[in-house]
Amino acid sequence: MPKSTLTTPPLDREAKRRLAVIRHVEEVSGNVAMSCRYFGISRQAYYAWYRRYQAEGAEGLRTTALPVRDDP
């Protein structure tokens, strides 16, 4: 019987979209500004995603929960 291993769940829709944008820059256009305009995102958002992608791989592109604000 095969040993059970923990597998990571597949990427969510947003993470796949972020990965598609990064791959488009790397493999198709090579131009960040043009790719961001094509996908309708800001360059700041692209570079935030790209930093997370470089640090953590595709797992870093997953949607993260925002902290809850405790306003009175």
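The structure contained in this document is the topic of the report that follows. (Residues numbered from 1 in each chain as written. Predicted model: local features only at pLDDT ≥ 70, side-chain atom pairs only at ≥ 80, totals over all residues. Heavy atoms only, no water.)

1. Notes on the side chain of H24
Mapped onto the elements, H24 comes out in helix 1 (residues 13-29). Once you skip the residues sitting within four places of it in the chain, H24 turns out to touch S29, G30, S35 and F39. (Helix = DSSP H or I, 4+ residues; strand = E, 2+ residues; numbered from the N terminus. Contact = heavy atoms within 4.5 Å.)

2. Describing the packing of helix 1 against helix 2 (residues 32-39)
Two elements in contact, helix 1 and helix 2, have axes whose closest approach is 10 Å; the angle formed by their N-to-C orientations is 140 degrees. Taken together, the axis directions place helix 1 and helix 2 in an arrangement best described as oblique. The element helix 1 and its partner helix 2 pack so that their crossing is right-handed. Contact with helix 1, carried on its side by R17, A20, V21, H24, V25 and S29, involves V32, M34, S35 and F39 of helix 2 and no other residues of that element. (Axes fitted to C-alpha atoms, helices over the stretch in contact; angles between N-to-C directions. Parallel < 35°, antiparallel > 145°, perpendicular 65-115°, else oblique. Left-handed = near helix turned anticlockwise from the far one by under 90°.)

3. Overview of the packing of aromatic side chains
The final tally for this structure, using the stated rule, is three aromatic pairs. Seen in terms of ring centroids, Y46 and Y50 are 5.7 Å apart; in terms of plane orientation they differ by 10 degrees. Their pairing is stacked. Highlighted residues: Y46 and Y50, both in helix 3 (residues 43-56), separated by four residues, approximately one helical turn. A relative accessible area of 2% means that Y46 is categorised as buried. (Phe/Tyr/Trp six-rings, centres within 6.5 Å; stacked < 30°, edge-to-face > 60°. Buried < 20%, exposed > 50% of the residue type's maximum accessible area, 1.4 Å probe, protein only.)

4. Some remarks on the environment of A15
Position of A15 among the secondary structure elements: in helix 1. The class of A15 is buried, set by a relative accessible area of 0%. On a C-alpha basis, the gap between A15 and A58 in space is 7.6 Å, while along the polypeptide they are 43 residues apart. If near-sequence neighbours (up to four positions away) are discounted, A15 is found in contact with L61 and R62.

5. A look at the packing of helix 1 against helix 3
As a packed pair, helix 1 and helix 3 sit with axes 10 Å apart at the nearest point and diverge in direction by 95 degrees. When the axes of helix 1 and helix 3 are compared, the pair comes out roughly perpendicular. Within the contact between the two elements, helix 1 uses R17, R18, L19, V21, I22, V25 and E26 and helix 3 uses Y46, W49, Y50, R52 and Y53. Taken together, the residues that form the contact of helix 1 with helix 3 break down as eight nonpolar, no polar and four charged. (Nonpolar A, V, L, I, M, F, W, Y, C, P; charged D, E, K, R; others polar.)

6. Regarding the nonpolar core
Soluble globular proteins: nonpolar side chains tend toward being buried together. With twelve residues, the main nonpolar core is built from L11, A15, L19, V21, I22, V25, V32, C36, I41, Y46, W49 and L61. Secondary-structure elements contributing two or more residues to this core are helix 1, helix 2 and helix 3. No other element matches the five residues that helix 1 contributes to this core. In contact with V25, other than residues within four places in its own chain, are G30, N31, V32, S35 and Y46. (Core = buried A, V, L, I, M, F, W, Y, C linked by side-chain atoms within 4.5 Å.)

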